[in-house]
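# Descriptive structure summary
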Amino acid sequence: MNERVAIKGYLTQCAELTETALKRSIPAVWDVPERLREAMLYSLEAGGKRLRPALILSAAEAVFGKTSAFNAALPVACAVEFIHTYSLIHDDLPAMDNDDFRRGKPTNHKVFGEAMAILAGDALLTHAFHLIPQAARQGGISAEVALAIVEDLARLAGAPGMVGGQVADMLGEQGITSISELEYIHLHKTSDLIVFSVTAGGRIGGATQKQIELLARFGRNIGLAFQIQDDILDLIGDEQKLGKKTNSDVQQNKVTYPYLIGLEESKAQVERLTQEAKSAVLEAGFQDPLRLLEIADYLVQRDH
Ligand SMILES: CC(C)=CCC/C(C)=C/COP(=O)(O)OP(=O)(O)O
Ligand SMILES: C=C(C)CCOP(=O)(O)OP(=O)(O)O
């Protein structure tokens, strides 16, 4: 990827690289029950924006200054997409959001049944942790970087991160009255995996500790903006483009930013968080920060 294409084209290229790498991440010959493999591939190959992999690739590019860091970053990009996909399968289950459509298709449990959907999620989660040491064994990243990435992923996707955020969301349903409670949920449920993505990309590109911290600040802010935008789109978005039902938050009595502060103030908040994110990237003195800055702006305008 040498040519400077517009951001939409860049994200498409990142998504295509990720799709190819994802196909290779599940062994062609794999001694696992065929139905489990089908259920994993069903959600993994259902599309999705592949935003988190793109953030890993673009953070590596920002720090390293070239897209030649992409090859080393792709196994980690796949790992985060495995984790994100498992989280969506479980989030859609009847015990959680009870959703019927995801990524433009019936949800995993609608096709494979609840038990298999839970297990397909479990298998995707576990396989993610297989991919990162493999990348080190193949020489793409050092063992030290792989260890730091595994440690970050376990924390940011686990109880102190995404899982904890999802639990706080579940326990707080209807009882949330303040922005700070809602912010806690969004920061963990959504931002933490985005923080993981940009800091992992940074580690692969050779970032300093100070740069990792600034990438984490970037990730927290775009992550929060991303979740608020998700809540806005749930109210005013297009089902066809989103590939999932709108108005589900209202139907599930969920407390969201638009519910607490209104639509216009929520949009203004997305803008503010985006500016804050961009200032962190500018402060970091990266070799080539352009893609990260463009992605931050692109996310404000997204309609799916
Ligand atoms: C451990 C688990 C299961 C984590 C799920 C994390 C997550 C971000 C779910 C989607 O949130 P959402 O319900 O706000 O989004 P959507 O509108 O896409 O369902
Ligand atoms: C965190 C949220 C809001 C869940 C959906 O994430 P995405 O909007 O990134 O979902 P896909 O494109 O990967 O399907």
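As shown above, the structure is provided for reference.
Residues numbered from 1 in each chain as written. Chains lettered and ligands numbered in written order. Predicted model: local features only at pLDDT ≥ 70, side-chain atom pairs only at ≥ 80, totals over all residues. Heavy atoms only, no water.

## Examining the packing of aromatic side chains
Aromatic rings considered in pairs are described by the distance between their centres and by the relative angle of their planes. To keep it simple, the criterion reads: Pairing of aromatic side chains here covers Phe, Tyr and the six-membered ring of Trp, requires ring centres within 6.5 Å, and sorts the geometry by plane angle: under 30 degrees stacked, over 60 edge-to-face, intermediate tilted. Helix and strand assignments follow DSSP, with helices taken as H or I runs no shorter than four residues and strands as E runs no shorter than two, numbered in order from the N terminus. A simple rule labels every residue: compare its accessible area, found with a 1.4 Å probe on the protein chains alone, to the largest value its type can have, and call it buried under 20%, exposed over 50%, or partly exposed in between. In this analysis the charged atom, NZ for Lys or CZ for Arg, is taken to sit over a ring once it is within 6 Å of the ring centre and within 35 degrees of the ring normal.
In this structure the tally under the stated criterion is 1 aromatic pair. Seen in terms of ring centroids, tyrosine 42 and phenylalanine 112 are 5.4 Å apart; in terms of plane orientation they differ by 70°. Their pairing is edge-to-face. Note that tyrosine 42 is positioned in helix H2 (residues 34-44) and phenylalanine 112 in helix H5 (residues 108-112), a separation of 70 residues in sequence. By relative accessible area, tyrosine 42 is classed as buried at 16%. Overall, the relative accessible area of 14% leaves phenylalanine 112 in the buried class. The ring of tyrosine 42 carries lysine 105 above its face, with NZ or CZ at 4.0 Å from the centroid.

## A word on helix H3 (residues 51-64)
The cut-off we apply is this: Expected helix span is taken as 1.5 Å per residue step, with the number of steps being one fewer than the number of residues.
With 14 residues, H3 should cover 20 Å at 1.5 Å per step; its first-to-last C-alpha distance of 20 Å lies within 8% of that length. For H3, the tally of buried residues reaches 13 of 14 residues, placing the bulk of the element in the interior. Residue glycine 65 follows H3 closely and has a positive phi angle near 90°.

## Section: empty space enclosed by the protein
Applicable threshold: The distinction between a cavity and a pocket rests on a 1 Å grid over the protein atoms alone: a 1.4 Å probe fits inside a cavity but cannot get out, while a pocket stays open yet meets protein on both sides within 12 Å along at least five of seven lines, and a residue with an atom within 4 Å of a point counts as lining. Grid points are joined across faces, edges and corners, and a volume is the space filled by probe spheres set on the points.
Within the structure shown, the criterion is met by 3 cavities of 30 Å³ or more. Quantified by volume, the largest cavity comes out at close to 100 Å³. Residue lining of the largest cavity: Tyr42, Ser43, Ala46, Thr85, Leu88, Ile89, Asp92, Arg102, Arg103, Pro106, Thr107 and Asn108, and that is the complete set. Ranked by residue count, the leading element in the lining of the largest cavity is helix H4 (residues 70-91), at 3 residues.

## Overview of the pattern of salt bridges
What counts is decided by this rule: Within this document, salt bridges are pairs made up of a side-chain nitrogen of Lys or Arg and a carboxyl oxygen of Asp or Glu, the two lying within 4 Å of each other.
The full count for this structure, using the stated rule, is 22 salt bridges. The salt bridge partner of lysine 254 is aspartate 97, with a shortest N-O separation of 3.2 Å. You can see lysine 254 sitting in the loop between helix H12 (248-251) and helix H13 (257-261) and its partner aspartate 97 sitting in the loop between H4 and strand E1 (101-102), a full 157 residues away along the chain. Each member of the pair lysine 254 and aspartate 97 is classed as buried. Where aspartate 303 meets lysine 241, a salt bridge forms, and the shortest distance between an N and an O atom there is 3.4 Å. Placement of the pair is aspartate 303 in the segment after helix H15 (290-301) and lysine 241 in helix H11 (residues 239-242), with a sequence separation of 62 residues. Overlapping salt bridges bring together Glu19, Arg50, Glu81 and Arg103 as one network.

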